[in-house]
Number of protein chains: 2
Amino acid sequence: MASAPDPAPRVDVVALRQLLDGRYAEVRDLVRSNLTEHAGVLADAETLPRAEYRERVLGLLVAMAQTGQTGMGFPEEYGGGGDLGASIAAFETLAYGDLSLLVKVGVQFGLFGGALLMLGTKRHHDAYLEDLVAGRLLGCFAMTETGHGSNVQALGTTASYDVETGEFVISTPDEASRKDYIGNAALHAQAAVVFAQLDVGGEQHGVHAFVVPIRAHGELLPGVRAEDDGLKLGLNGVDNGRLWFDDVRIPRANLLDRFAEVSPEGRYGSAIDNADRRFFTMLGTLVQGRVCVSGAGINAAKVALTVAIRYAECRRQFTATSPDREELLLDYGLHQRRLLPLLAESYALHFAQEALAARTHDVFSSSTGDEKARRELESRAAGTKALGTWHATRTIQECREACGGAGYLAGSRFAALKADTDVFTTFEGDNHVLLQLVAKGLLTDYAGDFEDLDQLGMVRFVAGQALEVVIERTAAHKLFEAIKDALPGGDDAWDREAGLRDPDYQLAMLRFREEHTLSGVARRLKRGIDEGLDPAVAFSRAQDHVVAAARAHVERLVLEAFATKTADQPEGDVKVALTLLRDLHALAAIERDRGWFMEHGRLAAPRAKAITREVNELCRRIRPLAGDLVAAYGIPDALLPAPDLQQP
Amino acid sequence: MASAPDPAPRVDVVALRQLLDGRYAEVRDLVRSNLTEHAGVLADAETLPRAEYRERVLGLLVAMAQTGQTGMGFPEEYGGGGDLGASIAAFETLAYGDLSLLVKVGVQFGLFGGALLMLGTKRHHDAYLEDLVAGRLLGCFAMTETGHGSNVQALGTTASYDVETGEFVISTPDEASRKDYIGNAALHAQAAVVFAQLDVGGEQHGVHAFVVPIRAHGELLPGVRAEDDGLKLGLNGVDNGRLWFDDVRIPRANLLDRFAEVSPEGRYGSAIDNADRRFFTMLGTLVQGRVCVSGAGINAAKVALTVAIRYAECRRQFTATSPDREELLLDYGLHQRRLLPLLAESYALHFAQEALAARTHDVFSSSTGDEKARRELESRAAGTKALGTWHATRTIQECREACGGAGYLAGSRFAALKADTDVFTTFEGDNHVLLQLVAKGLLTDYAGDFEDLDQLGMVRFVAGQALEVVIERTAAHKLFEAIKDALPGGDDAWDREAGLRDPDYQLAMLRFREEHTLSGVARRLKRGIDEGLDPAVAFSRAQDHVVAAARAHVERLVLEAFATKTADQPEGDVKVALTLLRDLHALAAIERDRGWFMEHGRLAAPRAKAITREVNELCRRIRPLAGDLVAAYGIPDALLPAPDLQQP
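Residues numbered from 1 in each chain as written. Chains lettered and ligands numbered in written order. Predicted model: local features only at pLDDT ≥ 70, side-chain atom pairs only at ≥ 80, totals over all residues. Heavy atoms only, no water.

1. Structural notes on the overall build of chain A
Okay, so step 1: A tally of helices and strands in chain A yields 23 helices and 15 strands.
Okay, so step 2: Relative to the compact-globule value of 26 Å for 648 residues, chain A shows a C-alpha radius of gyration of 26 Å, a close match.
Okay, so step 3: In terms of its C-alpha atoms, chain A occupies a principal-axis envelope of roughly 85 × 65 × 40 Å.
Okay, so step 4: With 648 residues in all, chain A has 64% of them scored as buried.
Okay, so step 5: In chain A, the share of contacts with a sequence separation of at least 24, taken over all contacts with a separation of at least 6, comes to 74%.
Okay, so step 6: For chain A, the computed accessible surface area is about 22000 Å², with 50% contributed by carbon and sulfur atoms.
Okay, so step 7: Each charge class in chain A can be summarised by its mean position, and for the 70 positive and 92 negative side chains these summaries are 4 Å apart. (Helix = DSSP H or I, 4+ residues; strand = E, 2+ residues; numbered from the N terminus. Rg over C-alpha atoms; globule rule 2.2 N^0.38 Å. Buried < 20%, exposed > 50% of the residue type's maximum accessible area, 1.4 Å probe, protein only. Contact = heavy atoms within 4.5 Å. Areas by Shrake-Rupley, 256 points an atom, 1.4 Å probe, with all protein chains shown as cover. Lys, Arg positive; Asp, Glu negative; His and termini not counted. Charge placed at Lys NZ, Arg CZ, Asp CG, Glu CD.)

Here it is in structure tokens:
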């Protein structure tokens, strides 16, 4: 608390909201309006029996499809909006509401629809997309199996071509290969995109995707078995289930054949010769799924921050400055420390997500197939998804605790927020696996097949060719070249003489850590291998270091996006507020990892302590703006509990 | 993974389990057997409608009461076991099962029964305890109000003595003063222990406790209004609710009068003159509630660790060392890093909890009212509860993520574990408030009234008398006296020359941090006040530092308990395993806070890096023991999912 609060500008909430909404403000407002109209689902989610809740969510999905909200990423000729960026913005905004609806929309339009759109050809588009966009054809995305989650290349389901009948025969060879956790599979999907190992005339061609009808008139088709996954930790409005295929026959035309074909005579052909490369090219076209989950996690965290900050601005506890009146929670230094760095992080991630979504739109809207741009996009999507969804888990938890017992009542929204977002760190790629993907991209300079995370292949590739290159590229003298020009003090003193609130200093610190960590990983792997360690063992032992390098890289990208956006703003209170948030975000990140910076000679003890003081000071300065900063998220009142969490 | 795993002793699981179960092995086995008999409640919790689930939990409470399990802390003359330590052990073990049952037992026997036992006198014991112990008299503990949670002294409910009728009149003056979040209040409680501001003849005597009958034959009594708190994030087998009292009259005898009486003529009398001191003495007798929640949190985390480690020992993903077979999750260095330091922490906290429970038993079993011992116990209980319950939240989350999608299915137990334990960090004292209590004890050397956390009073007390004393007591030269004798290198070099795995080094590091942080807080507060800052503002600005000092203190106590227990073991494989765990726990703690140690000149960069390497090495050495180490928790198979989480 401050007896006399610092004078601080209020923020122009309307202007800040416009900035946050960006290019797709209109799309976001459509979703806000749809969510407001159907806000009752938030209470239904808590009270309806599971079967009814699922039907309620299905009904909403269809209703929202009819407003055009969910089809924005599909071509206009099929009733879509023809704008991938709009589609991502709509999905992100949907995360302000019930998250079962969000995930069901993601399954139907993002995964099922996305696979048909990206892996299929005109034949499939003509056959399915119009019904799909309208919500008449419901489907599921049958990739994950009980025994094979992260390692998609090892899937067990088979698709064998029968040249006699011109059909593929889809089979589940064992229990580990049953499809599992598949959204829409237990009840609503009429068709599945099934990922299976293609066998043509006894020759294996790796994993391909097939359209398999599974239900007609609500009944399973012959040879298809489905089972409900049962109650889940959250997202119980989505009917996840398991699928088994007992030699199910589908026409040859049901192979999604954008990247590979099988002729009637049983000749396999693909423009991409290498099987691994083909597989990862296919998967790469589905990257927007990760982009969407990333944005959804970041926006779910905004809901939690809004609830907690509004509560802390009206809840009083303990007398402190005055004997007569208890103090507002948000006037306590500790409470500021708990919430405001997370608020700053949510802004940083918001702009990183905006940059990611824009890049996704651009890559998929251009016809030039720049391989490296795609790989970098995949890496950025993987990293932002990991950081964004962990941010959600951590933020929602801290916000719940900051609301005490009131935050434990279902009406506070924390029950659903916690439970429903929990799996975001796992699905669309386990976060730890994703960060290893990012590291692989860095270690190989995006050469090789990006998604190939088979440890054995990856390690041998990295060990064989890439380590020397990385070590050379990240040599210390190159590292400082850019930095010494930008900051006072040059090579030796930039990290001592620059101002803490100088964004060039902040970025230089994160860049230094990124390059140094990466270089360290490369050296460590090389040393282990040179000493005769099995490369896989060397890799396993350095795995925490590998993940740290990836995280350092992504944190730098996030800060860069935030700093760029802040710098681009015209002078005014919005820029002042963003600058405070950027400083808080950057300095809190450096503070959190100050052990590393000190270990590596880039932070002296007095300066480390000064950073801690500055973080506290920034919390105090942001405190009067906090209410405005969450108001600018634009979460409709209908979706929020009363600020004091008392009225139901 | 290791191509050739280090040879490592297996652990004698039976011997280790005996050590963990300790003095109360028999009690713990009784609870295990009761939990096994009623293991079906874990599935019921997921599937029954809320109303039926509540009745199911009530039925189990009564059934368990009849085995003697829940009454061990009550005098034998009322059907109890006369052993507080046994009662804590029973409660802790109950946390392996359904946590609504745990909390309902805690409400009925710990809070309601504990208040009657500790705040009442023979009259109340004779009237209530036998029925209560048998589960025939159900009650609730009506302390918290909607507007007053952590700040109990500010409660709004009033109890006015009416000298005409010899009755107290209990009233709820406003909505902020309604009792809220009260377990058992919505449905099952026949009586409440109500905390209210006592007014006798217009004179205010502060908060006292009263027995108020609220229901007869399932119907609310006149003047009492109750409302269900509705669906909660978790613990939905407990009927939490709100209570309003509209001038409810109760006999004079219903004041729980161990510490204060009101005579028929309306004379107030207490052996404790000071009102604050009286209040905190009353509250202090209820400390076992915190001790119980602490133990329950630690044991709930053991369930999560058992599930995650069993899963990681059978789940394979990605080929790594062999092209033919995928690798076990627990053979990955990163997976070890995620789970094994938490496993080590669970062992450390287990022994800290054992020491806390033993001390609780001793303090309450001795008739000597050693004030300082009680204050230190309260501080230790507050601190262990905070660390133990945060450990639970963090561990359960990491374990869920480490089980991927399989951990998201309700059958994995994570759904209930996450939701039900979430409020442990809030109830029985908000963790952040508790750590400030701990800090206050340290800053005042346990002088003053311990629980008085009213910021205004506390700050003025601390500022007025205690800071100089703390600064003197923690002067650097005193700090090193003990350390320099114990370790090679003396004052200057102990932190460079001692072995990393030397427990004296590990403890010296944590002691140094504790004393230095505390001294720093005292100096910072004093400097602020000397510079003319309002003490409350100085305190608010240093609040993160205050909490850090408390945490450093509790972490030292935890390590000390673990190190002592380890040192006491006879040579053998159990001692070898505990030593590895102690080293991992201690070094991971130092690594986590290495920024602080480096800032304060007690850790040089090369040694910090050596600690990180040692943590990795210890993870590798503990990996082959991990299965045995969780088996020794002795969680009945009936309470655990299949190791691979696949069979329902």
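2. Details of the relation of the copies chain B and chain A
Okay, so step 1: Its rotation angle being 180°, the transformation that places chain B on chain A also includes 0.0 Å of axial translation and leaves an RMSD of 0.0 Å. Here the copies are linked by what is in effect a two-fold axis. Considering only C-alpha atoms, the part of chain B nearest the rotation axis is Gly595(B), at 1.8 Å. (Least-squares fit on C-alpha atoms with pLDDT ≥ 70 in both.)

3. Side note on the sheet that holds strand β10 (residues 241-245) of chain B
Residues and elements named next belong to chain B.
Okay, so step 1: Pairing in this open sheet of three strands is antiparallel, and the strands run β4-β10-β9 from one edge to the other. Two strands bound the open sheet, and with one partner strand each, they are β4 (179-182) and β9 (224-228). The mean angle between the axes of side-by-side strands here comes to 20°, regardless of whether they run parallel or antiparallel.
Okay, so step 2: Pairing between β9 and β10: five bridges, direction antiparallel. Directly across from Glu 227, in β10, lies its bridge partner Arg 242. (Pairing = 2+ DSSP bridges. Axes fitted to C-alpha atoms, helices over the stretch in contact; angles between N-to-C directions.)

4. Details of the confidence of the model for chain A
All names here are of chain A.
Okay, so step 1: With 92% of its residues at a pLDDT of 70 or more, chain A shows a mean pLDDT of 92.
Okay, so step 2: Below pLDDT 50 for its whole length, residues 1-7 participates in 13 contacts with residues either more than four positions away or in separate chains.
Okay, so step 3: For this predicted complex, the interface confidence comes out at an ipTM of 0.94, alongside a pTM of 0.95. (pLDDT = per-residue confidence, 0-100.)

5. Points about the packing of helix α19 (residues 543-568) of chain B against helix α20 (residues 573-592) of chain B
The axes of two packed helices give the description: the angle between them and the distance between them.
All names here are of chain B.
Okay, so step 1: Remark: α19 packs on α20, axes separated minimally by 9 Å, with the N-to-C direction vectors making an angle of 160°. Between α19 and α20, the angle is such that the two are roughly antiparallel. As for the relative orientation of α19 and α20, their crossing is left-handed in sense. Here Glu 555, Val 558, Leu 559, Phe 562, Ala 563, Thr 566 and Ala 567 of α19 come into contact with α20, specifically with Lys 575, Leu 578, Thr 579, Leu 581, Arg 582, His 585, Ala 586, Ala 589 and Arg 592.
Okay, so step 2: Considering only residue class, the contact of α19 with α20 consists of nine nonpolar, three polar and four charged. (Parallel < 35°, antiparallel > 145°, perpendicular 65-115°, else oblique. Left-handed = near helix turned anticlockwise from the far one by under 90°. Nonpolar A, V, L, I, M, F, W, Y, C, P; charged D, E, K, R; others polar.)

6. Re the side chain of Lys104(A)
Okay, so step 1: With respect to the helices and strands, the residue Lys104(A) is situated in helix α6 (residues 99-119).
Okay, so step 2: Contacts of Lys104(A), omitting those with residues within four sequence positions, involve Val57(A), Leu58(A), Leu61(A), Asn184(A), His188(A), Gly237(A), Val238(A) and Asp239(A).

7. Describing helix α17 (residues 503-530) of chain A
Okay, so step 1: Its 28 residues place the ends of α17(A) 40 Å apart at the C-alpha level, agreeing with the 40 Å of an ideal helix rising 1.5 Å per residue.
Okay, so step 2: One side-chain oxygen at the N-terminal end of α17(A) lies 2.7 Å from the backbone nitrogen of Asp504(A); it belongs to Asp502(A). (Expected span 1.5 Å × (residues − 1). Polar contact = N/O pair within 3.5 Å; in protein donor to acceptor, adjacent residues only side chain to side chain.)

8. Remarks on the interface of chain B and chain A
Okay, so step 1: Residue-level contacts link 87 residues of chain B with 87 residues of chain A.
Okay, so step 2: At the boundary of chain B with chain A, total buried surface from both sides reaches about 7200 Å², with 53% on carbon and sulfur atoms.
Okay, so step 3: Considering only the surface of chain B that becomes buried against chain A, Phe318(B), Tyr408(B) and Glu599(B) emerge as the three largest contributors, covering 12% of it.
Okay, so step 4: Run the count over chain B and chain A and you get eight salt bridges.
Okay, so step 5: The partner of Asp422(B) in a salt bridge is Lys418(A), with the nearest N and O atoms 2.7 Å apart.
Okay, so step 6: Counting the contacts that link chain B with chain A gives 50 residue pairs in polar contact (both at pLDDT 80 or more).
Okay, so step 7: No other element matches helix α11 (residues 371-402) of chain B, which puts six residues into the side of chain B that touches chain A.
Okay, so step 8: Of the residues assigned to the side of chain B that touches chain A, the class counts are 31 nonpolar, 29 polar and 27 charged. (Buried area = accessible area lost by both parts, 1.4 Å probe. Salt bridge = Lys/Arg side-chain N within 4 Å of Asp/Glu carboxyl O.)

9. Topic: the packing of aromatic side chains
Okay, so step 1: Within the structure shown, the criterion is met by 18 aromatic pairs over all chains.
Okay, so step 2: Arranged with centres 5.2 Å apart and planes meeting at 55°, the rings of Tyr161(A) and Phe168(A) form a pair that is tilted. Considered together, Tyr161(A) and Phe168(A) belong to a single accessibility category, that of buried residues.
Okay, so step 3: Relative to Phe210(B), the ring of Phe168(B) has its centre 5.0 Å away and its plane inclined at 65°; by these criteria the two rings are edge-to-face. Of this pair, Phe168(B) sits in strand β3 (residues 167-171) while Phe210(B) sits in strand β6 (residues 203-213); the two residues are 42 residues apart in sequence, bridging distant segments of the chain.
Okay, so step 4: We classify Phe168(B) as buried; its relative accessible area is 0%.
Okay, so step 5: Three or more aromatic residues joined by ring pairs form one cluster here, namely Tyr161(A), Phe168(A) and Phe210(A).
Okay, so step 6: Here the basic side chain of Arg602(A) rests over the ring of Phe512(A), its NZ or CZ set 5.1 Å away from the ring centre. (Phe/Tyr/Trp six-rings, centres within 6.5 Å; stacked < 30°, edge-to-face > 60°. Lys NZ or Arg CZ within 6 Å of the ring centre and 35° of its normal.)

10. Structural notes on α11(B)
Residues and elements named next belong to chain B.
Okay, so step 1: With 32 residues, α11 ought to run about 46 Å at 1.5 Å a step, and its terminal C-alpha atoms sit 46 Å apart, in line with that.
Okay, so step 2: Of all 32 residues in α11, 25 are buried, a share of seventy percent or more.
Okay, so step 3: Sitting at the amino-terminal end of α11 is Asp 370, which places a side-chain oxygen 3.0 Å from the backbone nitrogen of Lys 372.
Okay, so step 4: One or two positions beyond α11, positive phi appears at Gly 404, with a value near 55°.

11. Focus: the pairing of strand β2 (residues 158-162) of chain A
Looking along a regular strand, one sees side chains alternate from face to face of the sheet.
Residues and elements named next belong to chain A.
Okay, so step 1: Both β2 and strand β3 (residues 167-171) contribute to a ladder of five bridges, which runs antiparallel. Each residue of the ladder has a partner; that of Ser 160, found in β3, is Val 169.
Okay, so step 2: Counting the residues between successive antiparallel strands, the hairpin from β2 to β3 contains four residues, one of them, Gly 166, with a positive phi of roughly 65°.
Okay, so step 3: Bridging between β2 and strand β5 (residues 191-200) involves four bridges; their strand directions are parallel. Directly across from Tyr 161, in β5, lies its bridge partner Val 200.

12. Details of the environment of Val521(A)
All names here are of chain A.
Okay, so step 1: Mapped onto the secondary structure, Val 521 falls in helix α17.
Okay, so step 2: Spatially, the C-alpha atom of Val 521 lies 9.2 Å from that of Phe 539, the residues being 18 residues apart in sequence.
Okay, so step 3: Not counting residues up to four positions away in its chain, the partners in contact with Val 521 are Leu 443, His 545, Val 546 and Ala 549.

13. Some thoughts on unusual backbone geometry
Okay, so step 1: Of note in this structure, Asn184(A) is not a glycine but carries a positive phi near 80°.
Okay, so step 2: Turning to its location among the elements, Asn184(A) is positioned in the loop between β4 (179-182) and β5.
Okay, so step 3: The residue Arg413(B) is not glycine, and still its phi comes out positive at about 80°.
Okay, so step 4: By the element assignment, Arg413(B) lies in the loop between α11 and α12 (414-421).

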